[in-house]
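Architecture and fold: a report
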Amino acid sequence: MSNKLHVLTGITTTGTPHLGNYVGAIRPAIEASKRHDVLPFFFLADYHALIKCHDPQRVQQSTLEIAASWLALGLDTGNAIFYRQSDVPEIAELAWMLNCVTAKGLMNRAHAYKAAVQANQDAGDPDPDKGVTMGLYNYPVLMAADILMFRAHKVPVGRDQVQHIEMARDIAGRFNHLFGEHFVIPEAVISEDTATLLGLDGRKMSKSYDNTIPLFMAEKPFRKIINKIKTNSQEPGEPKDPEGCTLFSLFKAFATPEETAAIRIRYQEGIGWGEMKGVLFEYLNDHLKDARERYDALMEAPKAIEEILLTGAEKARAFSAPLMKEVRHSIGIRPLGGQPQ
Ligand code: TRP
């Protein structure tokens with residue numbers, strides 16, 4: 001048992017980490033991994049990946065890429081517990097138990113499910129549940145198990161996930177009421193100040209818009225993709241507005257306030273888009289170069305990553321196994337002929 005504050009977050013293993021993931025989630029998590037006043041739990045949510053992805057190759061590749069990225073960027077695995085959801089069997093076991101105390105009506109209200117139903121209705125489909133698996137429907141229960149299993153106090157997430165934390169609180173309260181105070185009631189932490197990055201087309205950088213810039217790319221394609229970022233048609237020499245400009249949003253997310261102020265002045269002075277793309281490329285490339293080298297080396301050594309994840313899972317199970325024992329007993333799954341309680 002630790003007395004530290006437990007901070008926990010999961011990353012679904014379906015994609016390749018991009019600059020938006022880095023700024024919004026990875027960078028703050030890595031900073032938190034170095035804080036010795038908290039116990040951070042970071043995990044690869046590979047069971048969550050199955051909800052939206054039935055391509056085994058992609059799930060495996062994404063798991064490797066995400067793990068390599070976090071390690072290359074300096075995750076402190078001495079302090080943080082870094083593991084793969086599927087390596088902790090107690091999580092899936094707990095999810096079932098939670099399913100049995102969760103009202104179906106609560107899940108009816110989940111955003112992801114409602115969005116799927118809405119899409120079917122908009123498409124005029126007679127079956128509102130078309131394409132909805134029980135995995136998608138139950139998604140918040142698995143997420144509650146992830147969180148409650150480690151008695152997380154704080155859960156840093158994006159705004160879109162806040163409802164799921166509310167549901168985890170509900171489910172924890174219900175379980176505790178029925179079977180005793182096993183679980184901590186978690187709180188969502190939404191970081192208001194982490195920048196929302198804009199993507200190649202100027203909309204929010206997101207996998208669903210297909211406008212992302214991968215975090216680790218070889219120098220040449222990286223330069224190429226920066227050159228592809230959409231800008232307006234203003235000419236060099238014309239004063240430009242940094243707000244809403246993708247190039248500026250990217251620069252600002254990485255640079256110091258002083259460097260950002262200097263670039264603001266260049267905008268006023270009318271820096272050309274071509275020149276600004278060059279400045280941005282050099283800046284980002286400088287910042288990512290060393291981590292990229294470590295990433296490339298890690299990608300060549302998947303067995304070393306596997307070892308790290310298994311060590312993390314062992315540490316995680318030091319928490320989950322005793323709690324599961326306690327929970328099983330409390331719900332009446334007990335050895336027969338043992339001590340009655
Ligand atoms: N569902 C989260 C997402 O898509 C990922 C996730 C899974 C998670 N389990 C979690 C986040 C538990 C926080 C806590 O972003």
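Here we summarise the structure given alongside this text. Since this is a predicted model, take the numbers as computed values, not measurements.

Right, let's get into the environment of threonine 196. When you line up the elements, threonine 196 lands in the loop between strand 5 (187-189) and helix 9 (219-227). Expressed as a C-alpha distance, the spacing of threonine 196 and serine 249, which sit 53 residues apart in the sequence, is 8.1 Å.

The next point concerns helix 11 (residues 257-268). Look at helix 11: 17 Å from first C-alpha to last across 12 residues, which is about the 16 Å you get at 1.5 Å a residue. Among all positions of helix 11, only Thr260, Ile263 and Tyr267 are buried. Looking down the long axis of helix 11, one finds its buried residues gathered within 60° of arc, a one-sided arrangement. Among the exposed residues of helix 11, those pointing more than 90 degrees away from its buried face are Glu258 and Gln268. On its buried face, helix 11 sits against helix 10 (246-254) and helix 12 (273-299). Where helix 11 terminates, the next one or two residues include glycine 270, which has phi positive at roughly 90°.

Our focus in this paragraph is the pattern of salt bridges. Tallying each qualifying case throughout the model produces 14 salt bridges. Across the pair arginine 203 and aspartate 201 runs a salt bridge whose closest N-O atoms are separated by 3.0 Å. Taking relative accessible area as the criterion, arginine 203 reaches 42% and is therefore assigned partly exposed. Residue glutamate 219 pairs with arginine 292 through a salt bridge whose shortest N-O separation is 3.8 Å. Taken together, the residues glutamate 219 in helix 9 and arginine 292 in helix 12 connect sequence positions 73 residues apart. Put simply, Arg84, Asp87 and Glu306 are held in one network by salt bridges that share partners.

Parameters at a glance
- Residues numbered from 1 in each chain as written.
- Predicted model: local features only at pLDDT ≥ 70, side-chain atom pairs only at ≥ 80, totals over all residues.
- Heavy atoms only, no water.
- Helix = DSSP H or I, 4+ residues; strand = E, 2+ residues; numbered from the N terminus.
- Expected span 1.5 Å × (residues − 1).
- Buried < 20%, exposed > 50% of the residue type's maximum accessible area, 1.4 Å probe, protein only.
- Arc of directions from axis to C-beta.
- Contact = heavy atoms within 4.5 Å.
- Salt bridge = Lys/Arg side-chain N within 4 Å of Asp/Glu carboxyl O.

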